[in-house]
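# Secondary and tertiary structure notes
The chain contents come next:
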Amino acid sequence: MKLLESFQIGSLKLANRVVMAPMTRSRADQQGRVGPLHVRYYTQRASAGLIVTEATNVSRDAIGSPLTPGLFDEEQVATWRSVTDAVHAAGGRIFAQLWHTGRVGHSLVRGGVLPVAPSAIRIEGQLHFTASGMKEYETPRALSTEEVRAAVGDFRSAARHAKQAGFDGVELHGAFGYLPNQFLVDGANQRTDEYGGSVENRCRFVLEVMEGLVAEWDSERVGIKLSPTIPFNGMMDSDPRALFGHLITRLNELPLAYLHLMQGLFPLDKLPSWPKDALATFGPLYRGTLITNGGYDRDRAEQVLKEGRAQLVSFGAPYVANPDLVTRFAKGAALARPDRATMYGGGEKGFTDYPALAE
Ligand SMILES: Cc1cc2nc3c(=O)[nH]c(=O)nc-3n(C[C@H](O)[C@H](O)[C@H](O)COP(=O)(O)O)c2cc1C
């Protein structure tokens, strides 16, 4: 089976083509440190060809949701080190996903400080999870040009910390409506400085962040996740084909470990001009390794690899409940279903207590 064949990303050998997709589980402590439960959770899943961690805040200002981990102070680095050491001892590979939530946050989880964003435009028609329940989004504060440059620097220092923490590489969370995605789309970015306006200007933030990451790591150890056809979190754009076409063409120049492309998981009936299939539309523009993601099962994953439309496939929800997903694929075994109620927050229940087949 192609899914189980090894794969080489530059100097990094992956045991198979099954990637564990990044998943926020909201079980870090108040200081953004991971702990022994995270060591267990990630080690249980170390048979994946590559693990991408839950989204990890690059600075204090990046935080948008409670109990999410960070990579901006030494204690956080030290606790992640226990995770990477254990995953490596189990033969696994692990990248850190670097995160800034931008306007997808709330002052209630930010010590009373308003979220920041490219422009002072709030997310309409959605609620945000806080420790005091679901709340309407606030109008974020627009970052000054100086602050935008500082945020680029925060990603770079988090990448340096990821190296100190023993990761094999880093992935920029450029998807699903968080800060880098907010800079990209004209529905959230109406800046008049060099970070807004034209497609080139709106891509500038993401490209500068990527250059920063590549300056800390070899480019073959840096990936990016994009979701060009997901309008969630107010990610409206007047021309996603032109926008992401330009961005991907520029990413080819770096060249990266991979492009992690998330397929649309939301209906697009109200957006007739949007491409329906992110992989079909944008995949061919990318010249390097493609990870495809979104709603795959074993057979569909095998099919997309066989067709050569992607080289790796990542699995999110299936990895919540199936720590031994690779073994289950190999045996054609049934998959356990994840419990939605314990996805975010809590302790070991719904986190480290899903058994492997043999247990
Ligand atoms: C509980 C949960 C948390 C998630 N958190 C993140 C995250 O931190 N970063 C990210 O890029 N995607 C996140 N995602 C999206 C997944 O990485 C993946 O793109 C999505 O689940 C689709 O893949 P799947 O159909 O295999 O689940 C999350 C998904 C789930 C189910």
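A short tour of the structure in this document, coming up. (Residues numbered from 1 in each chain as written. Predicted model: local features only at pLDDT ≥ 70, side-chain atom pairs only at ≥ 80, totals over all residues. Heavy atoms only, no water.)

### Focus: the pairing of strand 4 (residues 50-57)
Of all eight residues that make up strand 4, eight are buried, and the element is covered over most of its length. In this sheet, strand 4 lies alongside strand 3 (residues 18-20) in parallel orientation, the contact comprising two bridges. Each residue of the ladder has a partner; that of M20, found in strand 4, is I51. Here strand 4 pairs with strand 5 (residues 94-99) via five bridges, running parallel. Within strand 5, the position partnered with T56 by the bridge is L98. A crossover connection joins strand 4 to the parallel strand 5 through helix 2 (residues 74-89); in handedness this β-α-β unit is right-handed. (Buried < 20%, exposed > 50% of the residue type's maximum accessible area, 1.4 Å probe, protein only. Helix = DSSP H or I, 4+ residues; strand = E, 2+ residues; numbered from the N terminus. Pairing = 2+ DSSP bridges. Right-handed = clockwise from strand over helix to strand, strands pointing away.)

### Some words on unusual backbone geometry
One can expect most non-glycine residues to show negative phi and most peptide bonds to be in trans. Backbone geometry at S26 places phi at a positive 50 degrees, although glycine is not the residue there. Mapped onto the fold, S26 is located in the loop between strand 3 and helix 1 (36-44). With a relative accessible area of 11%, S26 lands in the buried category.

### Regarding the site of the ligand
As a structural note, the neighbourhood of the ligand is formed by 19 residues, with P22, T24, N293, G295 and G316 the closest of them. Backbone polar atom of P22 to an oxygen atom of the ligand: 2.7 Å apart, as the coordinates give it. Protein coverage of the free-state accessible area of the ligand, which is 600 Å², stands at 88%. Partitioning the shell around the ligand into residue classes produces 11 nonpolar, seven polar and one charged. (Near = heavy atom within 4 Å. Polar contact = N/O pair within 3.5 Å; in protein donor to acceptor, adjacent residues only side chain to side chain. Areas by Shrake-Rupley, 256 points an atom, 1.4 Å probe, with all protein chains shown as cover. Nonpolar A, V, L, I, M, F, W, Y, C, P; charged D, E, K, R; others polar.)

### Some words on helix 1
Of all the residues in helix 1, the buried ones are H38, Y41 and Y42. Along the axis of helix 1, the buried positions cluster into a sector of 90 degrees, meaning they face one direction only. Packing partners of the buried residues in helix 1 comprise strand 3, strand 4, helix 2 and strand 5. (Arc of directions from axis to C-beta. Contact = heavy atoms within 4.5 Å.)

### Quick look at the nonpolar core
L71, L98, F205, L213, L226 and F315 are the most contacted members of the largest nonpolar core, which has 81 residues in total. The leading source of residues in this core is helix 5 (residues 199-216), at eight residues. The residues touching F315, leaving out its near neighbours within four places in the chain, are L3, V18, V19, M20, A21, N293, Y296, D297, A301, L325 and F329. If you look at the next biggest cluster of nonpolar residues, it comprises 12 residues, including I9, L14, F95 and A257. (Core = buried A, V, L, I, M, F, W, Y, C linked by side-chain atoms within 4.5 Å.)

### So, the sheet that holds strand 11 (residues 222-226)
Taking strand neighbours around the barrel as the criterion, the eight strands line up as 3-4-5-10-11-12-13-14 in a closed arrangement whose pairing is parallel. In this sheet, adjacent strand axes meet at a mean angle of 25 degrees when their direction is disregarded. Across the sheet, helix 5 touches strand 5, strand 10 (169-173) and strand 11, and the angle it forms with strand 11 is around 155 degrees. (Axes fitted to C-alpha atoms, helices over the stretch in contact; angles between N-to-C directions.)

### So, the pattern of salt bridges
Within this structure, the stated rule accounts for 21 salt bridges. For E75, the salt bridge identified is with R33, shortest N-O distance 2.3 Å. Pair noted here: E75 is in helix 2 and R33 is in the loop between strand 3 and helix 1, with a separation of 42 residues, a long-range link. Given the relative accessible area of 23%, R33 is considered partly exposed. Here E146 makes a salt bridge to R149, at a shortest N to O gap of 3.1 Å. In this pair, E146 and R149 both sit in helix 3 (residues 145-164), three residues apart, roughly one turn of the helix. Salt bridges sharing partners connect three or more residues here, namely K2, E5 and R17. (Salt bridge = Lys/Arg side-chain N within 4 Å of Asp/Glu carboxyl O.)

### Comments concerning the side chain of S107
Of note, S107 is situated in the loop between strand 5 and strand 6 (116-117). Apart from residues no more than four positions distant in its own chain, S107 is found in contact with G112, V113, L114, P115 and E138.

### Looking at the pairing of strand 7 (residues 127-130)
The two faces of the sheet receive side chains in turn, since in a regular strand these alternate between them. Judged by which residues are buried, strand 7 turns out to be one-sided: H128 and T130 face inward and are buried, whereas L127 and F129, on the alternate face, are not. Judged from the four bridges that link them, strand 7 and strand 8 (residues 133-136) form a sheet pairing that is antiparallel. The residue of strand 8 that forms the bridge with L127 is E136. As consecutive antiparallel partners, strand 7 and strand 8 are separated by two residues.

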